[in-house]
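# Coordinate analysis (summary)
In case you want the letters, here they are:
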Amino acid sequence: MSNRRALGAEVRVRAADQVATRQFDEETILLDLRGGNYFGLDETAGAIWERLNRGMSPQEIADQLVGTYEVERDVLLQDIVRFVDDLLDRELVTELSG
Amino acid sequence: MQAQCIDGAIVWLGEHRVDGKLVARIGRHGDELVAEFPGVAMLRSDRRGSETKLEPVPGASAVALDKLDRGLVSALIGHLQGKVTLHASAVARSNRALAFAGKSGAGKSTMAAAFCAREGNELVADDTVSLVTAQQDDASAPPLAVPTQDVVWLRQQDSVPKIAYAPARKRQNEVSLAGIVHLSFDDQLKAPVLRRLRGQDAFEALAQSILRFAIDDAAVHSREFDQIVAIANGCPILEMRRPRDLAVLDQAVELATLLLERGACGV
């Protein structure tokens, strides 16, 4: 269970220094270089990952992707925030300050 | 599989057990990498695999030592030198090869032996398959499998010592890999089932099959990442599930033969 404070929809993150990324079979594969563990992101998660690393917040990503998927904006935003929370828990991203 | 404990000055980082019995463990002793094969030998190497020493355990069998030296020891040193070796067996037919990967006891050697019992088929390797990956300017080129062993080691029922089976034909030179088949048993099935793995599933199956010596080195992880992508882009990764019944072994060999002859497009 994480002790971190709850994330807002405006948080900004970037890939942690120890994470390498490659594209394979339309998926994004992340490698945590510390332990050699791999994580696979499907097409949707990969699209969100790519935008997070462009400095976009969950809110901005939800606004941009809401027309792409058949899902309400609030549901999509919740999913993105949860995804970012999971990435932070696994130390695959770091929160940008300011 | 991961274990970390301190035994004297050696920090053990990983171990491999078969039926609960420790068969190999790897660790670090200062800057030196060590691999212990209980009852057979201890391997020591620098981090680049350029200075290595295999120390036999007194009384170890010459056959076991030779098998270890040609197989695992060569694979572990190769890993330090930047090479990729799969825990797999490999066979060839008409200049195309298949590798059979999977956990210990999944039937890798059995499949290789059964395949090689058919006329015209060749043995490439048993237990360890050394690969040469594609160059960056030809990313979709298949990896090449390098012949390493002349015999297949088969386990007879529950007996510990394995017996050597020498196929009539052994591959003499490198051969293009047409697929890597991850073997597993599924007793719910009546017949073997072949399925192509995609994305993360393919990636994980391949990553699990690679034999590693340096497991706590970020630069090695990064290099390996590129090698796995190159291998998976160059040849299909598949899964074959089959009942644990030797009566269906022929069907499994038939599926593997079709895969070699027709490719993975229809799978």
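In what follows, the accompanying structure is described.

Cut-offs used in this document
Residue positions are counted from 1 within each chain, in the order its sequence is given. Written order determines the labels here, with chains lettered from A and ligands numbered from 1. Totals for whole chains, interfaces and linings use every residue, but because this is a predicted model, local features are given only for residues with pLDDT of at least 70 and side-chain atom pairs only at 80 or more, for both listing and counting. To get the side-chain values, all heavy atoms of the structure are used, and hydrogens and water are removed first. We count a stretch as a helix when DSSP gives it H or I for four or more residues in a row; a strand needs E for two or more, and each element gets its number in order from the N terminus. A radius of gyration in this sense is built from C-alpha atoms; the matching globule rule multiplies 2.2 Å by the number of residues raised to 0.38. Only heavy atoms matter for contacts: two residues are in contact if any of them lie within 4.5 Å across the pair. For the charge count, each Lys or Arg is scored as positive and each Asp or Glu as negative, with His and the chain ends excluded. We put the charge of a Lys on NZ, of an Arg on CZ, of an Asp on CG and of a Glu on CD. Strand pairing requires that DSSP identify at least two bridges connecting the strands. Axes here refer to lines fitted to C-alpha atoms; in helices the fit is confined to the stretch in contact. Angles between the N-to-C directions go from 0 to 180 degrees. Working rule for angles: under 35 degrees goes down as roughly parallel, over 145 as roughly antiparallel, 65 to 115 as roughly perpendicular, anything else as oblique. Just so you know the grouping, Ala, Val, Leu, Ile, Met, Phe, Trp, Tyr, Cys and Pro go in nonpolar, Asp, Glu, Lys and Arg go in charged, and all remaining residues, Gly too, go in polar. For each structure, a 1 Å grid was placed over the protein atoms alone; sets of points admitting a 1.4 Å probe that cannot get out are labelled cavities, open sets with protein on both sides within 12 Å along at least five of seven lines are labelled pockets, and lining residues have an atom within 4 Å of a point. Grid points are joined across faces, edges and corners, and a volume is the space filled by probe spheres set on the points.

Along its length, chain A carries three helices and five strands. Shown N-terminal to C-terminal, the secondary structure of chain A runs as helices and strands in the order β-β-β-β-α-α-α-β. Here chain A has a C-alpha radius of gyration of 13 Å; the compact-globule value for 98 residues is 13 Å, and the two agree. Principal-axis analysis of the C-alpha atoms places the extent of chain A at approximately 35 × 35 × 25 Å. Considering only residue pairs separated by 6 or more positions, chain A has 55% of its internal contacts joining residues 24 or more positions apart. One finds the centroid of the 11 positive side-chain charges in chain A at a distance of 6 Å from the centroid of its 20 negative side-chain charges.

Residues and elements named next belong to chain B. Locating V181 in the fold gives a position in strand 14 (residues 175-185). Along the sequence, V181 and G49 sit 132 residues apart, while their C-alpha atoms lie 29 Å from each other. Sequence-distant contacts of V181, defined by excluding residues within four places in its chain, comprise L98, A99, F100, A101, L194, L238, M240 and L259.

What follows is about the sheet that holds strand 3 (residues 27-32) of chain A. Read from one edge to the other, the open sheet built from three strands follows the order 2-3-4 (chain A), with strand pairing classed as antiparallel. Here the strands that pair on one side only, and so sit at the sheet edges, are strand 2 (19-24) and strand 4 (37-41) of chain A. Put simply, the sheet's adjacent strands are angled 25° from each other on average, direction ignored. Summarising the sheet, strand 2 of chain A and strand 3 of chain A pair through six bridges and their orientation is antiparallel. Across the sheet, residue T21 of chain A finds its bridge partner in strand 3 of chain A, namely L30 of chain A. Where helix 1 (residues 43-52) of chain A meets the sheet, it contacts strand 2, strand 3 and strand 4 of chain A, and its direction lies at approximately 105° from that of strand 4 of chain A. Helix 3 (residues 199-209) of chain B rests against strand 2, strand 3 and strand 4 of chain A of the sheet, and its axis sits at about 165° to strand 4 of chain A.

Turning our attention to the packing of helix 1 of chain A against helix 3 (residues 73-89) of chain A. All names here are of chain A. Interaxial distance between helix 1 and helix 3 falls to 11 Å at its minimum, and their mutual angle equals 70°. The orientation of helix 1 relative to helix 3 falls into the category roughly perpendicular. Taking contact as the criterion, the partners of A45, I48, W49 and L52 in helix 1 are, on helix 3, I80, F83, V84 and L87. Each residue belonging to the contact of helix 1 with helix 3 can be placed in one class, and the counts come to eight nonpolar, no polar and no charged.

All names here are of chain B. In the structure shown here, the tally under the stated rule is one cavity of 30 Å³ or more. Taken as a whole, the largest cavity holds about 30 Å³ of empty space. Lining of the largest cavity is provided by A101, I180, V181, H182, A205, L206, S209, I237 and L238. Within the residue set of the lining of the largest cavity, elements represented by two or more residues are strand 14, helix 3 and strand 16 (237-242).

Interpretation in functional terms is not warranted from these geometric data alone.
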